[in-house]
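Chain by chain, the residues run as shown.
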Amino acid sequence: MDTMTGNVMLIGWHGYECKKLEQRLRDQGLAFEYVSLENMAGMEKAAVALVRESGVDAPRLPRLEAFLESSGHLPTLLVGEGLMPEQVILATRLGALDVLTDPLCPEQLMKAIDEARAGCIDGDETDVLREDCPAILGTSAQILSVYKQLGVAASNDLNVLLTGETGVGKEVSAYCIHRHSSRARQPYVAINCTAIPEGLLEAELFGYTRGAYTNAVTDSVGRIESAHGGTLLLDEIGDMSLAFQAKLLRFLEDRQFHRLGDSEPRAADVRVIAATNRNLEQDVEAGRFRQDLYYRLSQLPIHIPPLRERPADVRPLLRAFVSDVNLNLGLRITDISEPAQAAAVAYHWPGNVRELKNAVYQAAVRTRVGSINGFSFPDGANRGDTHAETALTALIQRAIAGGRVKELLDEVEGLTLQSLLEAFAGNRSRVAEELGMSRNTLRARLRLHGLQMEQ
Ligand SMILES: Nc1ncnc2c1ncn2[C@@H]1O[C@H](COP(=O)(O)OP(=O)(O)OP(=O)(O)O)[C@@H](O)[C@H]1O
């Protein structure tokens, strides 16, 4: 079990009991961590807590009480030796999900841990967000157009070139094409061309024979051969050297290749998808990327727009990642406050969906239970150049340069209203409330600026 699915937190365990318990948890593949009441570092990774008490403090349970008070709603099991009935009743009343007594029966312990973790997911807080999170999300017109292109790509075998800034979802899109294609049951192999040193890339991609170079002690199958029958994603394609580009081009021309050190040509039936966050057309013009390879790779080019150009996707993504974090980390986040959502819509997300996902995970781990009330964007980011702010600066500069300063306030008002509608998902009542004006006044101002967005 990794930290994404949550650790078992151990509180109050000492001596011989620890060894036995550790072995049982390890046998079940469960990660665990000791925390003390004084130092609860690591709690954010927790899925379930096992608190140990002895019966000596009857009828109280000082450790459990102190732990439950400071740990919020983490599912907690009490394990005790010689517990009195009152203590068992008290433990249940305090909120422990189960009480186990020594000697611990391993099956009973694992069942209780599983139930605590499942309770964490299917608990009685019906308003906790826990929908299944599909691999690729978004509802904006821009991303719908991308989905359609992915569908086209899935229906044929052309080489696809996915472009877009870092974190927009090129890799998830490549996988999506594969999963929807006729090759879905065959291998999907991804290689990040920049993560492998140029010298090793050829061997990694094409494979090698024994003795091809100093460390080649056995024959090795390359990624191309591993992907036979399926799909090969060449990620970060824009960063490969011209020499390597020539080798790749040869393979793309007839799907034939040689393992390093082997004169025998081999063939592989692979569908190639390439991805890059570079502008390859510019690289072709600058002589950094071969034109023939560019044409070969981009038989079907698909561009994924940055998140700041599709603000309508922000809210669905936030919602989906909250469900995701609840499922993966066993948290109990119910929602994200409206101001936090509006701030997220207005933010320019330079790291795109990856950054948004991280922001939700970080905020959720901080919040653990209830509503997320804000995200911590990098310093100054909230003042950064959102698309609306960039437009605003350009507007002011154009007005000054063109001697149209008198009309400026009017134009600024229009832009401001447009940004507010965007930030509050078209909710005019909310915008009116924020501006301290009546809905009628707002409606009139919107009409004046040609902004007729309905709620
Ligand atoms: N539309 C989406 N729906 C759901 N998750 C998404 C979406 N787009 C991106 N993600 C998530 O954002 C993260 C980054 O996505 P991905 O790796 O596909 O981006 P990328 O464009 O390939 O980035 P890079 O260029 O840095 O490799 C992943 O965790 C992915 O699951």
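On a predicted model such as this, the values are computed, not experimentally measured, just so you know.

## Overview of the overall build of the protein chain
Across its full length, the protein chain holds 18 helices and 16 strands. Here the analysis covers contacts within the protein chain between residues at least 6 apart in sequence; of these, 71% occur between residues at least 24 apart. Total accessible area on the protein chain is roughly 22,600 Å²; 51% of this is exposed by carbon and sulfur atoms.

## Some remarks on the nonpolar core
Counting residues in hydrophobic clusters, the biggest one holds 30 residues, and the most contacted among them are L205, L232, L234 and I237. Those elements that place two or more of their residues in this core are β7 (188-192), α7 (198-206), β10 (231-235), α9 (242-254), β13 (271-276), α10 (280-285) and α11 (291-297). With five residues, the single largest contributor to this core is α9. Ignoring sequence-local partners within four residues, the contact set of L232 consists of V189, I191, L205, R223, I224, A227, V270, R271, V272 and I273. Residues V325, I333, A340 and V353 belong to the second largest nonpolar core, which totals 28 residues.

## Focus on the pattern of salt bridges
Across all of its chains, the model carries 19 salt bridges by this definition. Put simply, R445 and E413 hold a salt bridge, and the shortest N to O gap is 2.7 Å. You can see R445 sitting in helix α18 (residues 439-448) and its partner E413 sitting in helix α16 (residues 408-423), a full 32 residues away along the chain. On the basis of relative accessible area, R445 is assigned to the partly exposed category, the value being 26%. The exposure class assigned to E413 is partly exposed, which follows from its relative accessible area of 24%. Three or more residues are tied together by salt bridges with common partners; here these are E225, R259, D262 and R266.

## Remarks on the site of the ligand
Neighbouring the ligand are 18 residues; L137, T166, G167, K170 and V172 lie closest to it. Within the side chain of R354, an N or O atom sits 3.0 Å from an oxygen atom of the ligand. Against a free-state accessible area of 620 Å², the protein chains account for coverage of 88% of the ligand. The two domains that each donate at least three residues to the shell around the ligand are domain 2 (141-303) and domain 3 (310-383).

## Concerning the packing of helix α17 (residues 428-435) against α18
For the pair α17 and α18, the least separation of the axes is 9 Å and the interaxial angle reads 105 degrees. The angle between α17 and α18 places the two elements in the roughly perpendicular class. The segment α17 lies against α18, with R428, S429, V431, A432 and L435 engaging R439, L442, R443 and L446. For the contact of α17 with α18, a count of residues per class yields five nonpolar, one polar and three charged.

## Brief notes about the sheet that holds strand β6 (residues 160-163)
Strands pair in a sheet through their backbones, by hydrogen bonds, and they do so in one of two ways: parallel or antiparallel. Sheet architecture is open: five strands sit in the order β7-β10-β13-β6-β14, paired in parallel fashion. The open sheet has two free edges, formed respectively by β7 and β14 (300-303), since each of these has just one partner strand. Each adjacent strand pair in this sheet contributes to an overall mean axis angle of 20 degrees, direction not counted. Of the strands in this sheet, β6, β13 and β14 touch helix α5 (residues 141-154), which is tilted by about 155 degrees from β14.

## Topic: α7
For α7, the complete set of buried residues consists of L201, A203, L205 and F206. Turning to α7, the residues buried within the fold contact β7, β8 (207-208), α8 (223-226), β10, α9 and β11 (256-258). Among the residues trailing α7, G207 stands out with phi positive, at a value near 85 degrees.

## Details of the confidence of the model for the protein chain
In this model, the protein chain carries a mean pLDDT of 83, and residues with pLDDT of at least 70 account for 87%. The secondary-structure element of the protein chain with the lowest mean pLDDT is helix α15 (residues 387-401), recorded at 62, while β6 shows the highest, at 98. A low-confidence stretch, residues 120-126 stays under pLDDT 50, and its non-local contacts, those more than four residues away or across chains, total 10 contacts.

## So, the sheet that holds strand β3 (residues 46-54)
The parallel open sheet is built from five strands, whose spatial order is β2-β1-β3-β4-β5. Whereas interior strands pair on both sides, the edge strands pair on one side only; in this sheet they are β2 (32-34) and β5 (98-101). On average, adjacent strands in this sheet sit at an angle of 25 degrees to one another, irrespective of strand direction. Relative to β2, strand β1 (residues 7-11) runs parallel, the two being bridged by three bridges.

## Considering the side chain of R183
By the element assignment, R183 lies in the loop between α6 (170-180) and β7. R183 sits in the buried class, given a relative accessible area of 7%. A polar contact is formed between the side chain of R183 and the backbone oxygen of G229, at a distance of 3.1 Å. Residues within four places of R183 in sequence aside, it is in contact with D157, H178, G229, G230, T231, D269, V270 and R271.

Calculation notes
- Residues numbered from 1 in each chain as written.
- Predicted model: local features only at pLDDT ≥ 70, side-chain atom pairs only at ≥ 80, totals over all residues.
- Heavy atoms only, no water.
- Helix = DSSP H or I, 4+ residues; strand = E, 2+ residues; numbered from the N terminus.
- Contact = heavy atoms within 4.5 Å.
- Areas by Shrake-Rupley, 256 points an atom, 1.4 Å probe, with all protein chains shown as cover.
- Core = buried A, V, L, I, M, F, W, Y, C linked by side-chain atoms within 4.5 Å.
- Buried < 20%, exposed > 50% of the residue type's maximum accessible area, 1.4 Å probe, protein only.
- Salt bridge = Lys/Arg side-chain N within 4 Å of Asp/Glu carboxyl O.
- Near = heavy atom within 4 Å.
- Polar contact = N/O pair within 3.5 Å; in protein donor to acceptor, adjacent residues only side chain to side chain.
- Domains from an automatic or database assignment.
- Axes fitted to C-alpha atoms, helices over the stretch in contact; angles between N-to-C directions.
- Parallel < 35°, antiparallel > 145°, perpendicular 65-115°, else oblique.
- Nonpolar A, V, L, I, M, F, W, Y, C, P; charged D, E, K, R; others polar.
- Pairing = 2+ DSSP bridges.
- pLDDT = per-residue confidence, 0-100.

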